[in-house]
Amino acid sequence: MILGQISYLDCLVFLVFLAPQLLIHVGLIRTATWLLGALPSLLPQVFLIPYQFVRERYLIPPEHRSPFVQRATPFQDIVIRFVRYAFAFMPAWLGRVFFSKHVSLPFLRFRMLRHGIVTAPLRWSEIDRPGLKGLWIVHNKLEQPDIIVYYCHGGGFSMGSSYFYMEFLLAWVTLLKHAGYRNPALFALEYTLVPDAVYPTQLQETLAGYEYVLSIARDSTRICVSGDSAGATLMLSFLLYITDHPELRHQRPGLAVMISPWVKIISPNNRNTSSDFLSSDALELYGKQYIGSKVPLDDPLVSPGYCKNIRKWRDASPDKGWYFLFGSEEVLGPEIRNLIEMLGKAGTDVDSYEEKGGIHAWPVAALYLGETKEERLHGLKEMTKAIRDRIS
Ligand SMILES: *[C@@H]1O[C@H](CO)[C@@H](O)[C@H](O)[C@H]1NC(C)=O
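Treat the numbers as computed from the prediction; the structure is a model and nothing was measured.

Conventions and cut-offs
Residues numbered from 1 in each chain as written. Predicted model: local features only at pLDDT ≥ 70, side-chain atom pairs only at ≥ 80, totals over all residues. Heavy atoms only, no water. Salt bridge = Lys/Arg side-chain N within 4 Å of Asp/Glu carboxyl O. Helix = DSSP H or I, 4+ residues; strand = E, 2+ residues; numbered from the N terminus. Buried < 20%, exposed > 50% of the residue type's maximum accessible area, 1.4 Å probe, protein only. Core = buried A, V, L, I, M, F, W, Y, C linked by side-chain atoms within 4.5 Å. Domains from an automatic or database assignment. Contact = heavy atoms within 4.5 Å. Near = heavy atom within 4 Å. Polar contact = N/O pair within 3.5 Å; in protein donor to acceptor, adjacent residues only side chain to side chain. Areas by Shrake-Rupley, 256 points an atom, 1.4 Å probe, with all protein chains shown as cover. Nonpolar A, V, L, I, M, F, W, Y, C, P; charged D, E, K, R; others polar.

Caption draft 1: Looking closely at the pattern of salt bridges. Inspection of the entire model under this criterion finds 19 salt bridges. Residue Arg96 is joined to Asp196 by a salt bridge in which the shortest nitrogen-to-oxygen separation is 2.9 Å. Taken as a pair, Arg96 in helix α5 (residues 92-98) and Asp196 in the loop between β4 (184-189) and α8 (201-216) lie far apart in primary sequence, 100 residues in all. Asp196 gets classed as exposed once you look at its relative accessible area, which sits at 55%. A salt bridge links Glu354 to Arg337; the nearest nitrogen and oxygen atoms lie 2.9 Å apart.

So this is what it looks like as structure tokens:
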């Protein structure tokens, strides 16, 4: 199932679904208190963001516009400006409601209806067991899958849900089917968010998710682990973890597809760029909360970029290697490039796609914000092709 671009009506409907959830999960008093406290800084933004938009987009010479502004449509540009503001200044307890199940699912239903779809051609089921939660999507329930993507969503460990990614995940399984797999499947892990738990809970849940996927796959080389941002970090940590656990190392996945991984949680190389919506300060704040107080900031299992052991990376490498997607303008870009270089030195099979003028997790965002179908599916098609070329 592949839907069209997000419209301004969608944005409005999203807010309508969001309002009652804010009241339920945060409460009127807390929402209102935050809003009142933030008003002095929030109110000017209502004017400042459109002003900066017009100035940076139309008034200054093109060569002074940020690389993202140069390539973005007005709609993409304005949405990313609001996202940038929200990421830098909105507390996570508020942000997590935005991307929660009870906002995302009605929103998806609305978008489906707007496209004349009442029941999704692809169904999902919820896995909910002690220590393991997630979404299972499979083309045909009755048959053995011939490819399984194991996915971890992003959101700074503090926000996001598999439900928010549902449209992306459904589109991906659809593309895998188009690419020639008989019965593609996907498991998206619903891990515990910070501050409800901190490291290593999320890593343990990632392991439990892999055990679950292994229990279905006949052959672990038919599993592709993937994730974006913090979710990709969890997958990197997981791959490093299994190097010391022979029983799992012998059942390594076939491939890793990493979208904008947050390679080093705390690093002086994570620096603001003029294009990206992430801010280095907010990242550090989120990152420190995830790491907690008991683990050193440079422990490789919590912050994989700190592993400089080439042999370990070789052992961690999936059978068919790695495929990275990221944007040239990312705050996380320098550390992603460092990791790719290290994996190359380790002699692993590593390919990457660095999108010019691209910002954080664009393959995910583009599915909603892309102008044409081509642009919306571009990243997903690259990922699908990377899988199909390596796991046939
Ligand atoms: C990074 O950008 C955010 C806004 O997105 C800003 O608040 C912050 O001060 C910037 N940090 C640095 C170190 O420039």
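This is not the end of the story, as more comes after the structure.
Caption draft 2: Fine view of the nonpolar core. Ranked by size, the top nonpolar core spans 128 residues in total, and within it Tyr151, Phe168, Trp172, Trp313 and Ile387 carry the most contacts. Lining this core are residues from two domains, each supplying at least three of them: domain 1 (8-97) and domain 2 (121-390). Apart from the residues within four sequence positions on either side, Trp172 is in contact with Val149, Tyr151, Leu186, Ser226, Leu380, Met383, Thr384 and Ile387.

Caption draft 3: The arrangement of the site of the ligand in detail. Within the structure, the ligand sits among Arg84, Ala88, Phe89, Asn272, Ser279, Ser280 and Asp281. Note that a nitrogen atom of the ligand is positioned 2.8 Å from one of the side-chain N or O atoms of Asp281. In the complex, the protein chains occlude 49% of the 360 Å² of accessible area that the ligand would expose alone. Only α4 (74-89) and α11 (280-291) provide two or more residues apiece to the shell around the ligand. The element contributing the most residues to the shell around the ligand is α4, with three residues. For the shell around the ligand, a count of residues per class yields two nonpolar, three polar and two charged. When residues of the shell around the ligand are assigned to domains, at least three map to each of domain 1 (8-97) and domain 2 (121-390).

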